[in-house]
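Coordinate analysis (summary)
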Amino acid sequence: MNQVGAVGLIAALVFAIYGMVSGAIAGKLRSPRMLKSAQRAVLGFFAMTTLAVVALEYLALTNDFHNSYVASHSSIALPLVYKIPVLWAGQEGSLLFWTWLLSIYVALAVLLNRRKNRQLMPYIIAICMGVGTFFSLLTFWVANPFNQLSLATATGVTPYAPPDGNGMSPSLQYHSMVIHPPMLYLGYVGMAIPFAFAMSALMTRQLGDNWIRVTRRWTMVPWMFLGTGIVLGGQWAYHVLGWGGYWAWDPVENASLLPWLAGTAFLHSVMIQEKRGMLKVWNMVLIILTFFLSVFGTFLTRSGIISSVHAFAKSDIGPWFSVFLAIIAAFSLTVLFLRLDFLKTENKLDSIASRESGFLFNNWILLAAVLAVLWGTIFPVVSKAIQDVTVTVGPPFFNKVMIPIGLLLLFLTGAGPLLAWRKTSFQSIKRNFTFPLIFAAIVGGILFFAGVHRLYTWMSLFLCAFVAASIVAEFFKGARTRMKTSKENFFAALYNLTMRNTRRYGGYIVHFGIVLIFVGFAGQAFRFETQGLMSPGDLLRAKDYLFRCESIDTGQKANYEYETVALSVTKNGHALTVMHPQKRFFLAEQQSLSHVALHSTLAQDLYVVLEGQDQDTGKAIIHVIINPLVQWVWIGGMIVLLGTLLALVPSRIERQMADLHKNKEEVAEAHHVL
Amino acid sequence: MSFSRLVKSLVLVLALVSVAMAAQAPSQIEKDIGDKVYCLCGCVTSLNTCPHPNCEVKDEMLRIIRADLKEGKAEPAILQDLVNKYGEKVLAAPPAHGFNLTAWILPGVGLLIGLFLAIGIVRRWRRPTAQAAAPAGAPPVDENVLSAVEEEMKKYVD
């Protein structure tokens, strides 16, 4: 199977190169036959990378430790459910996984555009296959997951398989790790498609509203995956790392946030181009930046160039990625520069008080956030290069810089949708802002008298109330208008209103999810923690909660030994629950990991960690954290996901517009073929 | 249960609780410092969040902090002691002097440049408003009519 996988890799590389060249020729010569050939190369690329992935999974599932990668990242006792993630547990497998996901995306793009966007497709294939060539080359040449272990003996080199593998990093043996990396990778890789659409539109001078309309959906999908991956990553950190937080501004976390922020800016500013024909160059810059940051994120995650709690491997792929990033920047900016004349703004701004300027300032804040996160992330490398001093840039820096930016963004999330396109009259501003501001002022007042005096926390909750009220008002106003005009009841009006313009109302739901996430963030200000040494019968108080150590037990599972403490919890004298924090020692990996015990409500989480054993007394070290409002971060994440899915559903207006475009395209296609 | 037994039980509970809490709970200043420095064992997290059990580096750093606290040193002096021993990389954020100042300034500068750019773009985009361009004597647009039109546009054009 090892050879099968290796053959798959070589064949994938050949298909990628052929697809890139044939796609470019098809674009240049406008040859339908060459395009067909390039499309087949894409399908071949998909088939061969799939073959390589299946081969590696087979080797992992059958514990074939002749394979160096499997021996390094799996073990016999590793549960079956974690043998599948072996694919992305290390460098080589991750790069193969990246390549495979790209092949899926490109194959889908080809299949969904068999009869559409014929002029754009040749260069889309060429660009995607160019990216595929780079990753195939890397997987084949630099980080091949099909290297075999061998022993040098007197008679020559013989294949070798250790009796057991090294196992998987214990921190990866957690259920959300089965889906968190694929989500992130689907996000990173997927940004190649809108980038390719944009480049192809530039190269073919097809810069009407078609490419932007198609690209929006191709951007939303990876953006959704990236966002979901980020939230799942936060959940993983919260449950596994044992420090009671979900975001530590680690370089690898930042790497995932950067393309998400740039993609968010693009998804907003693209609306100005659709509605008003403005910001055309800017949108190109944003999509280039988003893809660039996606590759940069992969580079940061896999290269180990910056120290990170998530950097699973240090390797020599750095220079390869540097060259590739330089190629992306040089190619895309050159193409953009050559087509600047075709990207003239079609309209002028009627008023500063308009949706257009709202989006512009939203872009300003999002890009400032990108700059701040990027600069903080790479500063240790810059510092080392310039002043030869190693510095650390961690949460104190990012919290200081990013909280004000986040609050500004939150304000614009509420204010932007209250402005009308072109021009908003003073009366309209007054009418639209009155209810949200009054509601926010009431909430702010209550919070102040309830003892919330920290400025940022208070502001965050005040703005959350403002944005939530503005969203509710938008739904309410729309439904009320429909009730009047269509004689529908409130719920039917709400449903029809949403389905008539899924993009707009899906967007509002996404905004509402963001509000809930910010509510969760604000809860961190009220975090409480304590620590104690406990043996059976000991008590530990944390605010209203009293923990009693009932027993300390040890045990063994297939791949780890554990020590667990049973803690009965009472709140104000009433029995609440029994919690079982664990300390696990993974045998193959010779590493230990805390398994957090959680008791979650919407108000707060009781978060209990068994830190270990006190060396002097032999007692268990119990760390208790009371984390208010954390659940709202996860609920908010889910609502963002649901809102995005809703926005992806074609609305009634869009379907009508699509029919119109289809007719136009068929006419254009007929001219093109002739 | 008699009243005296209840009181005795409560006293016992409180004693146990206070013993358990006093044994390990770090002071607030110790926690604050623990957030401002990184554990240098390789975990790449702050001292408070180092996930390694019985981490020697963390224990050594905590010893320094506690000894300094016992001597009555203030937070800046304790942080300086840690920098003297481990170098600047122990700090969770670069100190704001010399080249490190750029780490702090650049995001703000970027924000300002972005703001000026956005304002510049808005100005360039502006064209004379309809009212300014309207011929003299033309009736002014009714604000109520204008806002009603805006609401309609939001419903259908958005």
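Data block above holds the structure.
As a starting point, this report considers the structure included with it.

In terms of regular secondary structure, chain B is built from seven helices and zero strands. Counting over 158 residues, chain B shows a buried share of 21%. Look at the contacts in chain B between residues 6 or more apart in sequence, and 32% of them connect residues 24 or more apart.

Scanning chain A for helices and strands turns up 20 helices and twelve strands. On C-alpha atoms alone, chain A measures out to a radius of gyration of 27 Å, which is about the 26 Å that the 2.2 N^0.38 rule sets for 674 residues. A total of 674 residues make up chain A; the buried ones form 54% of that total. Expressed as a percentage of contacts within chain A between residues at least 6 apart in sequence, the contacts between residues at least 24 apart total 73%.

Our focus in this paragraph is the environment of Asn363(A). Residues and elements named next belong to chain A. Secondary-structure assignment places Asn 363 in helix H13 (residues 355-387). A residue is classified by how many C-beta atoms lie within 10 Å of it, and Asn 363, with 25 of them, is buried. C-alpha of Asn 363 to C-alpha of Ser 269: the two residues are 94 residues apart in sequence and 7.0 Å apart in space. Apart from the residues within four sequence positions on either side, Asn 363 is in contact with Ala 265, His 268 and Ser 269.

Residues and elements named next belong to chain B. For Ile 113, the location among the structural elements is in helix H5 (residues 101-125). Judged by the 13 C-beta atoms lying within 10 Å of it, Ile 113 falls in the partly exposed class. Taking the C-alpha atoms as reference points, Ile 113 and Thr 45, 68 residues apart in sequence, are found 33 Å from one another.

It is worth spelling out the packing of helix H18 (residues 502-523) of chain A against helix H19 (residues 631-648) of chain A at this point. All names here are of chain A. Contact geometry of H18 with H19 gives a least axis separation of 7 Å together with a crossing angle of 170 degrees. The angle between H18 and H19 falls in the class roughly antiparallel. A per-class count over the contact of H18 with H19 returns 15 nonpolar, nine polar and one charged.

What follows covers the sheet that holds strand E11 (residues 604-613) of chain A. All names here are of chain A. The strand order E3-E12-E11-E10 describes an open sheet built from four strands, whose pairing is antiparallel. The two strands at the open ends of the sheet, each matched to only one other strand, are strand E3 (528-534) and strand E10 (597-600). Direction aside, the axes of adjacent strands within the sheet are offset by 15 degrees on average. The pairing of E10 with E11 spans four bridges and is classified as antiparallel. Bridge pairing links Ser 600 to Asp 605 in E11.

Before going further, it helps to examine the pairing of strand E1 (residues 150-153) of chain A. All names here are of chain A. Of the pairings in the sheet, the one linking E1 to strand E2 (residues 156-159) comprises four bridges and is antiparallel in character. Within E2, the residue paired with Thr 153 across the bridge is Gly 156. Hairpin connection of E1 to E2: two residues between the antiparallel strands.

To continue, consider helix H8 (residues 192-204) of chain A. Residues and elements named next belong to chain A. Given a rise of 1.5 Å per residue, 13 residues ought to cover 18 Å, and the 18 Å separating the end C-alpha atoms of H8 matches this to within 8%. Buried within H8 we find Ala 192, Ile 193, Pro 194, Phe 195, Ala 196, Phe 197, Ala 198, Met 199, Ser 200, Ala 201, Leu 202 and Met 203. Where H8 terminates, the next one or two residues include Arg 205, which has phi positive at roughly 60 degrees.

Residues and elements named next belong to chain A. If you check the backbone angles, Asn 117 has positive phi at about 45 degrees while not being a glycine. Looking at the element boundaries, Asn 117 is found in the loop between helix H5 (91-112) and helix H6 (121-142). Overall, Asn 117 belongs to the buried group, with 21 C-beta atoms counted inside 10 Å.

All right, on to H5(B) then. Taking 1.5 Å of rise per residue, 25 residues should cover 36 Å, and H5(B) covers 36 Å from first to last C-alpha, within 8% of that figure. Looking only at H5(B), the buried set comprises Ala103(B), Pro107(B), Leu111(B) and Trp125(B). Along its buried surface, H5(B) packs onto H13 and helix H14 (395-415) of chain A.

Cut-offs applied
- Residues numbered from 1 in each chain as written.
- Chains lettered and ligands numbered in written order.
- Predicted model: local features only at pLDDT ≥ 70, side-chain atom pairs only at ≥ 80, totals over all residues.
- Helix = DSSP H or I, 4+ residues; strand = E, 2+ residues; numbered from the N terminus.
- Buried ≥ 20, exposed ≤ 12 C-beta atoms within 10 Å, placed from the backbone.
- Contact = placed C-beta atoms within 7 Å.
- Rg over C-alpha atoms; globule rule 2.2 N^0.38 Å.
- Axes fitted to C-alpha atoms, helices over the stretch in contact; angles between N-to-C directions.
- Parallel < 35°, antiparallel > 145°, perpendicular 65-115°, else oblique.
- Nonpolar A, V, L, I, M, F, W, Y, C, P; charged D, E, K, R; others polar.
- Pairing = 2+ DSSP bridges.
- Expected span 1.5 Å × (residues − 1).

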